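The residues making up each chain are set out below.
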Amino acid sequence: MHLLIPAAGSGRRMGSDRNKLLLSLLGKPLLAWTLEVAEASDYITWIGIMGQPIDFPDFEEILANVSLTKPVKLIQGGATRQESVYNGLQALPATAERVLIHDGARCLATPDLFNRCAEELFRFPGLIAAIPVKDTIKITDDTGLVQDTPDRSHLWAAQTPQGFEVKLLKDCHAKGRQWGWEVTDDAALFEKCDLSVQIVPGEETNLKVTTPMDLAIAEFILKQRVS
Ligand code: CTP
Ligand code: MG
């Protein structure tokens, strides 16, 4: 199965001077941790990484230090995550039937989660890893006045991996471009095209490293694992 890793962001909320995926986590760049998970996942046979060309020399160095047995392709990312995934889909080998998409910033996902998503992708055309929402969620109007409290038992926090049949997802992305849909994950494009998306139980520790605090939490979680 093919894997695409969106890694072309700038890490604005991290507040660092470069792409957050290049920041060190327990002595290794964030992206290296993500790649190691991909390497350890049984079903992944090919890895595409979408990045900004300015980061490619650093990505090459990371690849040289992570001993991957799987073929890797660097792909030019876009201005948004959606555009980066679009580019990634165009760069897939013609033989690719199913694809997992996993944010470079989710470096704590486990190979077990990848394996479970890959297995389920043989049963469902679209899926996402997700966990039940713990907080009570409020819906407000533009002034911050609460309008509604949705039933929490139907609320899920979306994660990656997200998996799709390549042909279907390509069609959804093409439609998204045509109609100017702006979404924050690929499942949303699937949904807009009235295609079904299955939830696969995600992992509490599979956080998206976004802020400096996330980096500290990620370090804490990894330390628990290696000790
Ligand atoms: N991403 C991407 N292309 C973009 C923007 C984001 O491939 N144009 C990737 C990021 O590299 C990251 C994933 O999408 O692995 C999730 O995005 P996010 O956590 O928002 O990362 P950034 O966009 O880098 O962070 P920020 O929004 O704080 O700038
Ligand atoms: Mg972003």
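Located above this text is the structure these notes cover.
Quantities reported herein were computed from a predicted structural model and do not represent experimental measurements.

A. Representation of the overall build of the chain. Across its full length, the chain carries 7 helices and 11 strands. Scaling as 2.2 N^0.38, a compact globule of 227 residues should have a C-alpha radius of gyration of about 17 Å, and the chain matches this with 17 Å. Counting only C-alpha atoms, the chain reaches 50 × 40 × 30 Å along its principal axes. Every one of the 227 residues in the chain was classed for burial, and the buried ones make up 48%. The long-range share in the chain, meaning contacts at least 24 apart out of those at least 6 apart in sequence, stands at 72%. Within the structure as shown, the chain displays about 11500 Å² of accessible surface, and the carbon and sulfur contribution to it stands at 52%. Across the chain, the 23 positively charged side chains and the 30 negatively charged ones have centroids separated by 0 Å.

B. Representation of the sheet that holds strand S4 (residues 46–51). Strand order in this open sheet of 7 strands is S5-S4-S1-S6-S10-S7-S11, and the pairing throughout is mixed. Sheet topology places strand S5 (72–76) and strand S11 (198–201) at the edges, where each strand pairs with a single neighbour. Averaged over all pairs of adjacent strands, the angle between their axes in this sheet comes to 30°, without regard to strand direction. Where strand S7 (residues 126–132) lies against strand S10 (residues 156–165), 6 bridges are found, and the strand directions are antiparallel. Its bridge partner lying in S10, Leu127 is registered against Gly163. Along the sheet face, helix H2 (residues 56–65) touches S4 and S5 and points at about 165° away from the line of S5. Here helix H3 (residues 81–90) sits on the sheet and contacts strand S1 (2–6), S4, S5, strand S6 (98–101) and S10; the angle it forms with S1, its principal contact strand, is near 150°.

C. Layout of the environment of Leu121. Relative to the elements of secondary structure, Leu121 occurs in the loop between helix H4 (111–120) and S7. C-alpha separation for the pair Leu121 and Leu100, spaced 21 residues apart in sequence, amounts to 8.7 Å. For Leu121, the contacting residues outside a window of four places in its chain are Met1, Arg98, Val99, Leu100, Leu127, Gly163, Phe164 and Glu165.

D. Quick look at the site of ligand 1. Taken together, 19 residues surround ligand 1, and among them Gly11, Arg12, Lys20, Ser84 and Lys208 come closest. One nitrogen or oxygen atom from the main chain of Gly78 is found 3.0 Å from a nitrogen atom belonging to ligand 1. In the model, an oxygen atom of ligand 1 is placed 3.3 Å from a nitrogen or oxygen of the Gly104 main chain. About the coverage of ligand 1: the protein hides 90% of its 560 Å² of free accessible area.

E. How the structure looks around the nonpolar core. Residues Leu3, Leu25, Leu31, Leu35, Ile47, Leu100 and Val209 are the most contacted members of the largest nonpolar core, which totals 43 residues. Every element with two or more residues in this core is listed here: S1, helix H1 (30–40), S4, H2, H4, S7 and helix H7 (212–226). Here the element with the most residues in this core is H1; it accounts for 7 residues. Apart from the residues within four sequence positions on either side, Val209 is in contact with Met14, Lys20, Leu30, Ala105, Cys107, Asp214, Leu215 and Ala218. Counting residues in hydrophobic clusters, the runner-up holds 23 residues, among them Ile75, Ala96, Ala188 and Leu189.

Quick notes on the rules
- Residues numbered from 1 in each chain as written.
- Chains lettered and ligands numbered in written order.
- Predicted model: local features only at pLDDT ≥ 70, side-chain atom pairs only at ≥ 80, totals over all residues.
- Heavy atoms only, no water.
- Helix = DSSP H or I, 4+ residues; strand = E, 2+ residues; numbered from the N terminus.
- Rg over C-alpha atoms; globule rule 2.2 N^0.38 Å.
- Buried < 20%, exposed > 50% of the residue type's maximum accessible area, 1.4 Å probe, protein only.
- Contact = heavy atoms within 4.5 Å.
- Areas by Shrake-Rupley, 256 points an atom, 1.4 Å probe, with all protein chains shown as cover.
- Lys, Arg positive; Asp, Glu negative; His and termini not counted.
- Charge placed at Lys NZ, Arg CZ, Asp CG, Glu CD.
- Pairing = 2+ DSSP bridges.
- Axes fitted to C-alpha atoms, helices over the stretch in contact; angles between N-to-C directions.
- Near = heavy atom within 4 Å.
- Polar contact = N/O pair within 3.5 Å; in protein donor to acceptor, adjacent residues only side chain to side chain.
- Core = buried A, V, L, I, M, F, W, Y, C linked by side-chain atoms within 4.5 Å.

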